[in-house]
Amino acid sequence: MNAVSDRNVPAPPAGPLSRSRTPLREHVGIAVRRYLRDMGECTDADLYQVALAELEIPLLTEVLAHCDGNQSRAAEVLGIHRATLRKKLREYGLA
């Protein structure tokens, strides 16, 4: 069983990706556990912000690549406004 209970975590929405693939949250959980184990007693005080950036940067990069650089399509896939995508790309130095 995971160290953190899944009782209060909503189930992912049913859809084509939920049928046969490992949920993204499991991959993230494994990565976070590995990161915390590697850090030992000395962890970043702002782990939440570090984790968000570490997830968001490859998420934006991979979705943009999947959409052949089309920011409008990428924003639609991500479920965010195109202006928000552009802001995040500038924020992370990806634009």
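Residues numbered from 1 in each chain as written. Predicted model: local features only at pLDDT ≥ 70, side-chain atom pairs only at ≥ 80, totals over all residues. Heavy atoms only, no water.

Help me out: how do you make sense of a nonpolar patch on the surface in this one?
Taken together, Leu24, Val28, Val32, Leu36 and Leu55 make up a surface patch of nonpolar side chains, about 370 Å² in accessible area. If one sorts the elements of the nonpolar patch by residue count, helix α1 (residues 24-39) sits on top with four residues. Along the chain, Val32 turns up in helix α1. Looking at Val32, the relative accessible area reads 35%, which means it is partly exposed. (Patch = residues over 30% accessible without salt bridge, like charges linked within 9 Å, V, L, I, M, F, W, Y side chains within 5 Å. Areas by Shrake-Rupley, 256 points an atom, 1.4 Å probe, with all protein chains shown as cover. Salt bridge = Lys/Arg side-chain N within 4 Å of Asp/Glu carboxyl O. Helix = DSSP H or I, 4+ residues; strand = E, 2+ residues; numbered from the N terminus. Buried < 20%, exposed > 50% of the residue type's maximum accessible area, 1.4 Å probe, protein only.)

I'm lost on the packing of helix α3 (residues 71-78) against helix α4 (residues 82-91) in this one. Help?
Here α3 crosses α4 at 100 degrees, and the two axes come no closer than 8 Å. The angle between α3 and α4 falls in the class roughly perpendicular. Between α3 and α4, the residues in contact are Gln71, Ser72, Ala74, Ala75 and Leu78 and Arg82, Leu85, Arg86 and Leu89, respectively. The residue makeup of the contact of α3 with α4, split by class, is five nonpolar, two polar and two charged. (Axes fitted to C-alpha atoms, helices over the stretch in contact; angles between N-to-C directions. Parallel < 35°, antiparallel > 145°, perpendicular 65-115°, else oblique. Contact = heavy atoms within 4.5 Å. Nonpolar A, V, L, I, M, F, W, Y, C, P; charged D, E, K, R; others polar.)

How do you make sense of the nonpolar core when you look at a structure like this?
Grouped together as the largest cluster of nonpolar side chains are eight residues: Leu60, Val63, Leu64, Cys67, Ala74, Ala75, Leu85 and Leu89. The set of elements that each furnish at least two residues to this core consists of α2 (47-66), α3 and α4. Among the elements that take part in this core, α2 stands out by supplying three residues, more than any other. Not counting residues up to four positions away in its chain, the partners in contact with Leu89 are Leu60, Leu64, Gln71, Leu94 and Ala95. (Core = buried A, V, L, I, M, F, W, Y, C linked by side-chain atoms within 4.5 Å.)

Which parts of the structure should I look at to understand unusual backbone geometry?
A negative phi angle is the norm for most residues apart from glycine, just as the trans form is the norm for most peptide bonds. Its identity as a non-glycine residue notwithstanding, Asp68 has a phi of 50 degrees, on the positive side. Looking at the element boundaries, Asp68 is found in the loop between α2 and α3.

Can you help me understand the side chain of Glu56 in this one?
As for its placement among the helices and strands, Glu56 is situated in helix α2. We classify Glu56 as buried; its relative accessible area is 18%. A polar contact is formed between the side chain of Glu56 and the side chain of Lys88, at a distance of 3.0 Å. Filtering out sequence-adjacent residues up to four positions away, Glu56 remains in contact with Lys88 and Tyr92. (Polar contact = N/O pair within 3.5 Å; in protein donor to acceptor, adjacent residues only side chain to side chain.)

Treat this as a map of the structure, not an account of what it does.
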